[in-house]
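Below, each chain spelled out in residue letters.
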Amino acid sequence: MAEVHILEHPLIQHKLAILRNKDTGVKEFRELIGEIAGLMCYEATRNLPTQEIQVQTPVDTATCRVLAGKKLAIVPVLRAGLGMVDTMIQLIPSAKVGHIGLYRDPETHQPVEYYCKLPEDIESRQVFVVDPMLATGGSAVAAIGFLKAHGCKHIVMMNIIGCPEGVRAVQAAHPDVEIYLAAMDEKLNEHAYIVPGLGDAGDRIFGTK
Ligand code: PRP
Ligand code: URA
């Protein structure tokens, strides 16, 4: 079973505390989602392979390391995953970006797909699926399944807040996928919202409620 990493870095935890606060406004919420995604990206890319190169400095030759191996792709799950993309592509400018549009049916809580556009060579890339919330896990399981159906073999899931139900669902369906979380919350409520969570991530990023 692939690992679940809970990122307890003090900066991530501090920003998460502000993010969760119901009085945090749209502008600050959106900025924090981006900042946390950047910090999580730093941790989630820690084990990417590197190779040695020689670089001529103004003074001498330096032995340096650069990224090697597979190219990367970032795939946000719409809508809320979009909030995590900008800082990640600032850190990994060569990454391509795919989009998977899913929303949860309010009655059944099942994911409904409405859009998908992936880079042509997605199957040869290491893919980071990003979405702030991992609740029932239905959206994550569907998004990962979709990527696998397109030939992807190296997939990492990045969520800001998860819960045991969502982690179990992803592990059951996709035991090969590593999961990075900033927090593992307690449970889901009767509306399949994460408790204590932060509410509806998409609405808070885009100010739709
Ligand atoms: C939220 C969130 C995830 C999903 C998680 O999106 O961004 O995609 O719910 O829930 P799950 O683990 O139970 O599937 P939502 O469906 O509210 O759509 P939105 O981003 O368009 O608001
Ligand atoms: N989607 C959200 O945005 N928040 C939750 O708590 C659960 C699903």
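This text goes with the structure placed above it.
If you're wondering where the values come from, they're calculated on a predicted model, not measured in any experiment.

Around ligand 1 sit 16 residues, and of these Arg104, Asp131, Thr136, Gly137 and Ser139 come closest. A distance of 3.2 Å separates an oxygen atom of ligand 1 from a polar backbone atom of Ala80. Take Arg104: an N or O atom from its side chain is 2.7 Å from an oxygen atom of ligand 1. When the free accessible area of ligand 1 is taken as 500 Å², the share hidden by the protein chains comes to 91%. Counting only elements with at least two residues in the shell around ligand 1, the list comes to strand E4 (71-78), strand E6 (99-104), strand E9 (133-134) and helix H4 (138-149). Each residue belonging to the shell around ligand 1 can be placed in one class, and the counts come to 7 nonpolar, 5 polar and 4 charged.

Our focus in this paragraph is the site of ligand 2. Around ligand 2 sit Arg104, Met133, Ala135, Ala192, Tyr193, Ile194, Gly199, Asp200 and Ala201, and those are all the residues in its vicinity. One nitrogen or oxygen atom from the main chain of Ala201 is found 2.8 Å from an oxygen atom belonging to ligand 2. Burial of ligand 2 by the protein chains amounts to 89% of its free accessible area of 240 Å². Taken together, the residues of the shell around ligand 2 sort by class into 6 nonpolar, 1 polar and 2 charged.

Definitions and cut-offs
- Residues numbered from 1 in each chain as written.
- Chains lettered and ligands numbered in written order.
- Predicted model: local features only at pLDDT ≥ 70, side-chain atom pairs only at ≥ 80, totals over all residues.
- Heavy atoms only, no water.
- Near = heavy atom within 4 Å.
- Polar contact = N/O pair within 3.5 Å; in protein donor to acceptor, adjacent residues only side chain to side chain.
- Areas by Shrake-Rupley, 256 points an atom, 1.4 Å probe, with all protein chains shown as cover.
- Helix = DSSP H or I, 4+ residues; strand = E, 2+ residues; numbered from the N terminus.
- Nonpolar A, V, L, I, M, F, W, Y, C, P; charged D, E, K, R; others polar.

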